[in-house]
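So the chains spell out like this:
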Amino acid sequence: MTTEPEDPVAALAAEPAVPSLVDRYFTRWYKADVKGKPCEDHCILQHSNRICVITLAGSHPVLQSGKTIKSISYQISTNCSRLQNKVSGKFKRGAQFLTELAPLCKIYCSDGEEYTISSCVRGRLMEVNENILHKPSILQEKPSTEGYIAVVLPKFEESKSVTEGLLTQKEYEEVVGKRLKATTAAS
């Protein structure tokens, strides 16, 4: 008895999707409405070695509504530039220390809007992504990978408490769902 070959499209759909590198090695945490600004959400990718990668959450206005990024600046104030961060040695000497609300960079859009991206976690600034300065579009095209904003290393003693005040993927999806319901109800 011969069986007909399976439909290749159906066979591919039946196979479980392979998790991305980010999904496999990082835990996603979210900070909604950073500094009280609606929809300005950040995503923190936490690796098992406690390193945190700061990115934009999918609902951030820069990633929504077809905005065009004019420029990105790591110059926080006249005396403070995140680009001046120089880290060396085993104990990461020279790294700038960040609080949860410390600004990392400013994103300027062509429509005149300006967004300040905050650290969301306490720790030492390991690096900033200089690639987004030269090609800001990767921030929108690949926000969780090549378009990351910065890498922060929390203190070892605080590595467990870093996630306090942050939302899990499920909690974040509920927050975004409530926002959508509120905007459709208002329309």
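Residues numbered from 1 in each chain as written. Predicted model: local features only at pLDDT ≥ 70, side-chain atom pairs only at ≥ 80, totals over all residues. Heavy atoms only, no water.

Looking at an unreviewed UniProt entry, one finds the chain named Protein Abitram, with Moschus moschiferus as its source organism. Of the comments in the UniProt record for the chain, the one headed Subunit (unreviewed entry) reads "Interacts with F-actin. Interacts with G-actin." Turning to the chain, the UniProt record has this under Sequence similarities (unreviewed entry): "Belongs to the ABITRAM family." (UniProt positions renumbered as here; feature names shortened; annotations may be inferred.)

Colleague: Is there a simple way to explain the overall build of the chain in this structure?
Modeller: In terms of helices and strands, the chain carries five helices and nine strands. What you see in the chain, going N to C, is helices and strands ordered as α-α-β-β-β-β-β-β-β-β-α-α-β-α. Expressed along its principal axes, the backbone C-alpha trace of the chain runs to roughly 80 × 50 × 35 Å. The buried share of the chain, taken over its 187 residues, is 39%. Within the chain, contacts between residues at least 6 apart in sequence are counted, and of these 57% link residues at least 24 apart. Only carbon and sulfur atoms are counted for the fraction: they give 54% of the accessible area of the chain, which is about 11,300 Å². Charge separation in the chain, taken as the distance between the mean sites of 24 positive and 22 negative side-chain charges, equals 11 Å. (Helix = DSSP H or I, 4+ residues; strand = E, 2+ residues; numbered from the N terminus. Buried < 20%, exposed > 50% of the residue type's maximum accessible area, 1.4 Å probe, protein only. Contact = heavy atoms within 4.5 Å. Areas by Shrake-Rupley, 256 points an atom, 1.4 Å probe, with all protein chains shown as cover. Lys, Arg positive; Asp, Glu negative; His and termini not counted. Charge placed at Lys NZ, Arg CZ, Asp CG, Glu CD.)

Colleague: Would you mind going over unusual backbone geometry with me for this structure?
Modeller: Phi is mostly negative for residues that are not glycine, and the peptide bonds are mostly trans. With phi around 55°, K35 is a residue other than glycine that occupies positive phi space. In this fold, K35 is placed in the loop between β1 (26–31) and β2 (42–47). Exposure remark for K35: the relative accessible area of 46% places this residue in the partly exposed category. Its identity is not glycine, yet C120 carries a phi of approximately 70°, on the positive side. On the accessibility criterion, C120 (7% relative accessible area) is buried.

Colleague: Explanation requested: the pattern of salt bridges in the structure shown.
Modeller: Close approach of charged atoms allows side chains with opposite charge to pair. Going through the model one piece at a time under the given rule, you end up with four salt bridges. Close ionic contact of K67 with D111 constitutes a salt bridge, the shortest N to O distance being 2.6 Å. Here K67, found in the loop between β3 (52–56) and β4 (69–73), pairs with D111, found in the loop between β6 (103–109) and β7 (114–118); they are 44 residues apart in sequence, far enough to count as distant. Residue classification places D111 among the partly exposed positions, given a relative accessible area of 47%. In this structure, the salt-bridge partner of E146 is K142, at a minimum N-O distance of 3.1 Å. Its relative accessible area of 43% is what places E146 among the partly exposed residues. Where salt bridges share partners, they join D33, D41 and R179 into one cluster. (Salt bridge = Lys/Arg side-chain N within 4 Å of Asp/Glu carboxyl O.)

Colleague: I would appreciate a short explanation of the sheet that holds β6 in the present structure.
Modeller: What holds strands together in a sheet is hydrogen bonding between their backbones, with the strands either parallel or antiparallel. Here we have three strands laid out as an open sheet, ordered β4-β6-β7, and antiparallel in their pairing. Each end of this open sheet is capped by a strand with a single partner; those strands are β4 and β7. If you compare each strand with its neighbour and ignore which way they point, the axes differ by 20° on average. Relative to β7, β6 runs antiparallel, the two sharing five bridges. Within β7, the position partnered with K106 by the bridge is T116. (Pairing = 2+ DSSP bridges. Axes fitted to C-alpha atoms, helices over the stretch in contact; angles between N-to-C directions.)

Colleague: Got a minute to help me understand the sheet that holds strand β8 (residues 123–128) in this structure?
Modeller: Pairing is antiparallel across the open sheet formed by six strands, whose spatial order is β1-β2-β3-β9-β8-β5. Looking along the sheet, the strands with just one partner apiece sit at the ends: β1 and β5 (97–98). As defined by bridge partners, β8 adjoins strand β9 (residues 150–153) across four bridges and the pair is classed as antiparallel. Across the sheet, residue L125 finds its bridge partner in β9, namely V152.

Colleague: Which parts of the structure should I look at to understand the nonpolar core?
Modeller: In globular proteins that are soluble, nonpolar side chains generally tend to be buried together. Counting residues in hydrophobic clusters, the biggest one holds 30 residues, and the most contacted among them are I44, I107, V121, L139 and I149. Listing elements by their share of this core, those giving two or more residues are β3, β4, β6, β7, β8, α4 (137–141) and β9. By residue number, the principal contributor to this core is β6, which donates four residues. Among residues more than four places away in sequence, those in contact with V121 are I44, C52, I54, L98, T99, E100, V152, V162 and L166. Y30, A95, Y148 and Y172 belong to the second-largest nonpolar core, a separate cluster that totals twelve residues. (Core = buried A, V, L, I, M, F, W, Y, C linked by side-chain atoms within 4.5 Å.)

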